[in-house]
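Structural characterization, general
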Amino acid sequence: MNPIAWPKPQRQQDFHAWLQPLIQAFNLLPDSLCEAVADASTRRYLRIANGSGGSYIVMDAPPETNNVQPFIQVAEHMRGCGLHIPTIFAADERLGFLLLSDLGTLPYLKALLNTQAQDNKAEANRLMRDATQALLKWQSQGDAERLPLFDQVFVLRELHIFKEWCVEREYGREWDETQLKWWAHSCKVLADNIAAQPFVPMHRDFMVRNLMVCPAEDGNPGVLDFQDAVKGPISYDFASLLRDAFISWDEEQELDWAIRYWEQARKLGLPINADFGEFWQQLEWTGLQRHLKILGIFCRLKHRDGKPHHASDLPRLFAYAIKVSTRYVQLSPLTHLLQELQGSLVETSFTLR
């Protein structure tokens, strides 16, 4: 086999023992094994060819830090909604190994960056329309009651990641009593916004890095990394798609896609706000909560996990967050906190009772 780094010799031995009976059954070529993509967690994906010119994906999810059962359950759930997701051919839940169908090598992120480089708006529209249709299938046909609840405790725990890893670890700040009150106020505003929305099936990471460009006849896009699906606010997944951590769009384009999504959601009878302006505010505030969480996660990857490359995307996330917070007086305290981290204070006028 090609050299694959294993965290422990036992993990490598377990993998070989698991793979052995699958080699003949699926015509696998063990010497072709290579890393396909590393996850932000301890989970990773390997690619292995077969004798017919195709390939499979192996999920390597060490059981001490991963549980593959939600992946298996949500995969069945999404497939029933008509989404294009990897087929599971073999699974060992105890060891954390899965053999999956390969959805290809062209992520939406790469394809959409190419459309920007080539100014190919028609192709960008096609890809985003396909992604929107897949999301609407999930939201309208999925059963939210089968999923864990994205409740206030969940939301506040995610926001704490930002305070602990971005504010305190990355920037070395210790907020004073007044700043802590501003932060508590901001967290309440964002948590209340999420709690006030209708809840639907939520992928929780419906971003372009988790979508694959696939032939239309197979179903585009291919959807990945869905194991953390929850019952959550209707605006969350579309906000994740629209304001991605790795690619940005002009707001005119964002609004165009958002209006089209909103119109189609209403036609499908989804419980979306009847006023687009109010829905847009929900989306912006929900996206802000997500961006704060990701800022914390990227800093945690850098400082705790030795994965600093995501830190280059911190400016994009700060730009999203400050853009939204400065628009709404309810978020003025958060604007002050964010601008202070970025090294340039803005003049704000607000009181906090």
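Each chain has its residues counted from 1, following the order in which its sequence is written. Predicted model: local features are reported for residues with pLDDT of at least 70 only, side-chain atom pairs are reported and counted for 80 or more only, and whole-chain, interface and lining totals are derived from all residues. In computing side-chain values, all of the structure's heavy atoms are included and hydrogens and water are not.

1. Notes on the overall build of the protein chain
Secondary structure summary: the protein chain contains 11 helices and nine strands in total. Values of the radius of gyration come from C-alpha atoms, whereas the globule rule sets the reference at 2.2 Å times the count of residues to the power 0.38. Relative to the globule expectation of 20 Å for 353 residues, the C-alpha radius of gyration of the protein chain, 21 Å, shows essentially globular dimensions. In terms of overall dimensions, the protein chain has C-alpha extents of about 70 × 45 × 45 Å along its principal axes. For every residue, the accessible area obtained with a 1.4 Å probe (protein chains only) is divided by the maximum for its type, and the residue is called buried under 20%, exposed over 50%, and partly exposed between those limits. Residue burial in the protein chain is summarised as follows: out of 353 residues, 51% are buried. Counting only contacts in the protein chain whose residues sit at least 6 apart along the sequence, the fraction spanning at least 24 positions is 68%. Carbon and sulfur atoms make up 50% of the accessible area of the protein chain, which totals about 16300 Å². A helix here means a DSSP run of H or I that spans at least four residues, while a strand means a run of E at least two residues long, and both kinds are numbered starting from the N terminus. In what follows, a contact means two residues having at least one pair of non-hydrogen atoms within 4.5 Å. Accessible areas in this description were obtained via Shrake-Rupley with a 1.4 Å probe; residue shielding takes into account the shown protein chains only.

2. Concerning the pattern of salt bridges
When a carboxyl oxygen of Asp or Glu lies within 4 Å of a side-chain nitrogen of Lys or Arg, that pair is called a salt bridge. Summed over all chains, the structure comprises 24 salt bridges. Between E284 and R243 there is a salt bridge, with the nearest N and O atoms lying 2.9 Å from each other. Taken together, the positions of E284 in helix α9 (residues 276–303) and R243 in the loop between α7 (236–242) and α8 (251–267) put the pair 41 residues apart, joining distant regions of the chain. The exposure class assigned to R243 is buried, which follows from its relative accessible area of 4%. Through salt bridges that share partners, R243, E251, E254, E284, K323 and R327 make up one connected network.

3. Focus: unusual backbone geometry
Cis geometry is found at the peptide bond from N220 to P221, where omega equals 5 degrees. Counting through the fold element by element, P221 comes out in the loop between β7 (211–212) and β8 (222–223). Even without a glycine there, the phi angle at N27 is positive, about 55 degrees. Here N27 lies in the loop between α1 (9–25) and β1 (34–38). Classification of N27 by relative accessible area gives partly exposed; the value is 38%. Its identity as a non-glycine residue notwithstanding, D119 has a phi of 55 degrees, on the positive side. As for its position among the elements, D119 is in the loop between α3 (108–118) and α4 (121–141). Taking the relative accessible area as the measure of exposure, D119 reaches 58% and is therefore exposed.

4. Focus on helix α5 (residues 152–170)
The span you would expect from a helix comes to 1.5 Å times its residue count less one. For α5, built from 19 residues, the straight-helix expectation of 27 Å at 1.5 Å per residue is met to within 8% by its first-to-last C-alpha distance of 26 Å. What α5 keeps buried is the set F154, V155, E158, L159, I161, F162, K163, W165, C166 and V167. Elements that come into contact with the buried residues of α5 comprise α6 (177–195), β9 (230–233), α7, α9, α10 (314–325) and α11 (332–341). Positive backbone phi, at 65 degrees, marks G172, one or two positions downstream of α5.

5. Re the packing of α5 against α9
All axes here are fitted lines through C-alpha atoms, helices being fitted over the stretch that makes contact, and every angle between N-to-C directions spans 0 to 180 degrees. At a closest axis distance of 7 Å, the pairing of α5 and α9 adopts a crossing angle of 50 degrees. With respect to α9, the axis of α5 lies oblique. Note on packing geometry: the crossing formed by α5 with α9 is left-handed. Between α5, through V155, E158, L159, I161, F162, W165, C166, R169 and E170, and α9, the contact on the second element is made entirely by Q289, L292, K293, L295, G296, I297, C299, R300, K302 and H303. Each angle receives one of four descriptions, namely roughly parallel if under 35 degrees, roughly antiparallel if over 145, roughly perpendicular if within 65 to 115, and oblique otherwise. By definition, any crossing whose near helix is turned counterclockwise from its far helix by less than a right angle is left-handed, and any crossing with a clockwise turn is right-handed.

6. Digging into the confidence of the model for the protein chain
The predictor attaches a confidence to each residue, and that confidence, scored 0 to 100, is pLDDT. Of the residues in the protein chain, 95% have a pLDDT of 70 or more, and the chain-wide mean is 94. In the model, residues 344–353 has pLDDT below 50 throughout and makes 15 contacts with residues more than four positions away in sequence or in other chains.

7. So, the nonpolar core
Among the nonpolar cores identified, the biggest contains 97 residues, and L112, F162, W183, F238, Y261 and L292 are the most heavily contacted of them. The element contributing the most residues to this core is α9, with 12 residues. Excluding its chain neighbours within four sequence positions, the residues that come into contact with F162 are V167, W175, W183, L292, L295, G296, L338 and L341. Side-chain atoms within 4.5 Å link the members of a nonpolar core, which is a set of buried Ala, Val, Leu, Ile, Met, Phe, Trp, Tyr and Cys residues. Judged by nonpolar contacts, the second largest core, of 18 residues, contains I23, V58, A90 and L99.

8. Concerning the packing of α6 against α11
Running from N to C, α6 and α11 point in directions that differ by 125 degrees, and their axes come no closer than 8 Å. Considering the angle they form, α6 stands oblique to α11. As for the relative orientation of α6 and α11, their crossing is left-handed in sense. Of α11, the residues touching α6 (which contributes Q179, W182, W183, H185 and S186) are P333, L334, H336 and L337. Residue classes in the contact of α6 with α11 are distributed as five nonpolar, four polar and no charged. Gly counts as polar in this scheme, as do all residues outside two lists: the nonpolar Ala, Val, Leu, Ile, Met, Phe, Trp, Tyr, Cys and Pro, and the charged Asp, Glu, Lys and Arg.

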